[in-house]
Structure formats: C-alpha cells, structure tokens
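Spelled out from the first residue to the last, the chains are:
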Amino acid sequence: MFYFCNVKKSLFILTLFILLKPFLPIVEYVVNYEYISKVLCVNKETPIMGCDGKCYLMSQLAKSAEDEKPISDKKVIVKDVEILFFQVIKQVVFLKTIITQKSISNFNYCNLYDYLNSSTTFHPPTIIS
C-alpha cells in the first residue's frame, strides 16, 4: 500500500510539472524579478520604457513555445556528411528458369486379368453324409 501511494504522488507531481511547464518562465520571472530587471533586461539603459525585465520574459516565453512545437514544424537543417567507407554492392542477376514437364508416352498396356464367361450359376458342393 505504501508503494502505491508513492507512485500516485510521483505521478501527480510529474503530471503537474508537464501541465505547468509553459508557465515556468513566468514563475522564474516572479521569483528572480530583481536580478532579471537589473542584470538581464535588454532595455535597462532606458528606464523610461518601464520594461523591468519583461523583454527577457518574452524571450524566455518564445523559447519555451519553440520547444513545445512538434518536430514537423521546426526547420530541418541539412548538413553535408562525409562518407567514411564505401563498399560496392554486387548486383544480383536472376536467370530465367524454364520448368517443363515431360509427358510420358510409354503406353505398355498389359492385359493381366482373366475373365470366364459362363452362364451357369455357381453352387457349392453338397456334402453327402
């Protein structure tokens, strides 16, 4: 029973993490607001804009949204690949095979039976005692 409760708790935490993963940059921004607004903010030289690290937050949200996209939407990068080895593949040639059946034309008919044509009916011998 104890093991089952631990599995349920860990499954709940994992599910919660997966559902809240897109909101992790917002949580990071709220927790580290002072550091982000003073150090990581792109527009810290112009305090009139009132950015306060929102530019960093938007870039982090864009990164997490890019990570969430399926692979088919991402750009495919094709690189040149060096061939490290080469082996010639031998071509397999299938020869045409013709299968013919020989017809047996040796008709040696042998009449190996005997037939007695009689009109009498067979009666077993009578025993005289």
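So, here is what we can say about the structure in this document. These numbers were taken from a predicted model, which means no experiment stands behind them. (Residues numbered from 1 in each chain as written. Predicted model: local features only at pLDDT ≥ 70, side-chain atom pairs only at ≥ 80, totals over all residues. Heavy atoms only, no water.)

Side note on the overall build of the protein
Move 1: Across its full length, the protein carries four helices and zero strands.
Move 2: Secondary structure of the protein in N-to-C order comes out as α-α-α-α.
Move 3: Buried positions account for 9% of the 129 residues belonging to the protein.
Move 4: If you take every contact in the protein between residues at least 6 apart in sequence, the share linking residues at least 24 apart comes to 37%.
Move 5: Counting every atom, the protein has about 13900 Å² of accessible surface; 65% of that belongs to carbon and sulfur. (Helix = DSSP H or I, 4+ residues; strand = E, 2+ residues; numbered from the N terminus. Buried < 20%, exposed > 50% of the residue type's maximum accessible area, 1.4 Å probe, protein only. Contact = heavy atoms within 4.5 Å. Areas by Shrake-Rupley, 256 points an atom, 1.4 Å probe, with all protein chains shown as cover.)

Re the environment of Asp52
Move 1: Position of Asp52 among the secondary structure elements: in the loop between helix H3 (33–40) and helix H4 (54–68).
Move 2: When its relative accessible area of 37% is taken as the criterion, Asp52 is described as partly exposed.
Move 3: C-alpha separation for the pair Asp52 and Cys41, spaced eleven residues apart in sequence, amounts to 6.7 Å.
Move 4: Setting aside residues up to four positions removed in sequence, Asp52 forms contacts with Tyr29, Tyr33, Ser37 and Cys41.

Some words on a nonpolar patch on the surface
Move 1: A contiguous nonpolar surface patch, about 800 Å² in accessible area, is contributed by Phe12, Ile13, Leu16, Leu19, Leu20, Phe23, Ile26 and Val30.
Move 2: A total of five residues in the nonpolar patch trace back to one element, the largest contributor, which is helix H1 (residues 2–20).
Move 3: Mapped onto the secondary structure, Phe23 falls in the loop between H1 and helix H2 (24–31). (Patch = residues over 30% accessible without salt bridge, like charges linked within 9 Å, V, L, I, M, F, W, Y side chains within 5 Å. Salt bridge = Lys/Arg side-chain N within 4 Å of Asp/Glu carboxyl O.)

A short note on the packing of aromatic side chains
Between two aromatic rings, the relevant description is the distance of the centres plus the angle of the planes.
Move 1: Enumeration according to the criterion identifies one aromatic pair in this entry.
Move 2: Consider the rings of Tyr29 and Tyr33, whose centres lie 5.6 Å apart with planes at 90 degrees: the pair is edge-to-face. (Phe/Tyr/Trp six-rings, centres within 6.5 Å; stacked < 30°, edge-to-face > 60°.)

A look at H4
Move 1: Taking 1.5 Å of rise per residue, 15 residues should cover 21 Å, and H4 covers 21 Å from first to last C-alpha, within 8% of that figure.
Move 2: Among the residues of H4, those classed as buried are Tyr56, Leu57, Gln60 and Ser64. An end-on view of H4 places all buried positions within 100 degrees of arc, on one side of the element.
Move 3: Where H4 is buried, its residues contact H2 and H3. (Expected span 1.5 Å × (residues − 1). Arc of directions from axis to C-beta.)

Description of the environment of Lys21
Move 1: With respect to the element layout, Lys21 can be found in the loop between H1 and H2.
Move 2: The exposure class assigned to Lys21 is partly exposed, which follows from its relative accessible area of 42%.
Move 3: A sequence separation of 47 residues divides Lys21 from Glu68, and the C-alpha atoms of the two residues are 9.6 Å apart.

Observations regarding the packing of H2 against H4
Move 1: It is at 9 Å that the axes of H2 and H4 come closest, and there the two elements cross at 155 degrees. By the angle class used here, H2 and H4 are roughly antiparallel. Both H2 and H4 take part in a crossing whose hand is right-handed. Only Lys54, Tyr56, Leu57, Gln60, Leu61 and Ser64 of H4 make contact with H2, whose side of the interface consists of Pro25, Ile26, Glu28 and Tyr29.
Move 2: Within the contact of H2 with H4, the residues separate by chemical class into six nonpolar, two polar and two charged. (Axes fitted to C-alpha atoms, helices over the stretch in contact; angles between N-to-C directions. Parallel < 35°, antiparallel > 145°, perpendicular 65-115°, else oblique. Left-handed = near helix turned anticlockwise from the far one by under 90°. Nonpolar A, V, L, I, M, F, W, Y, C, P; charged D, E, K, R; others polar.)

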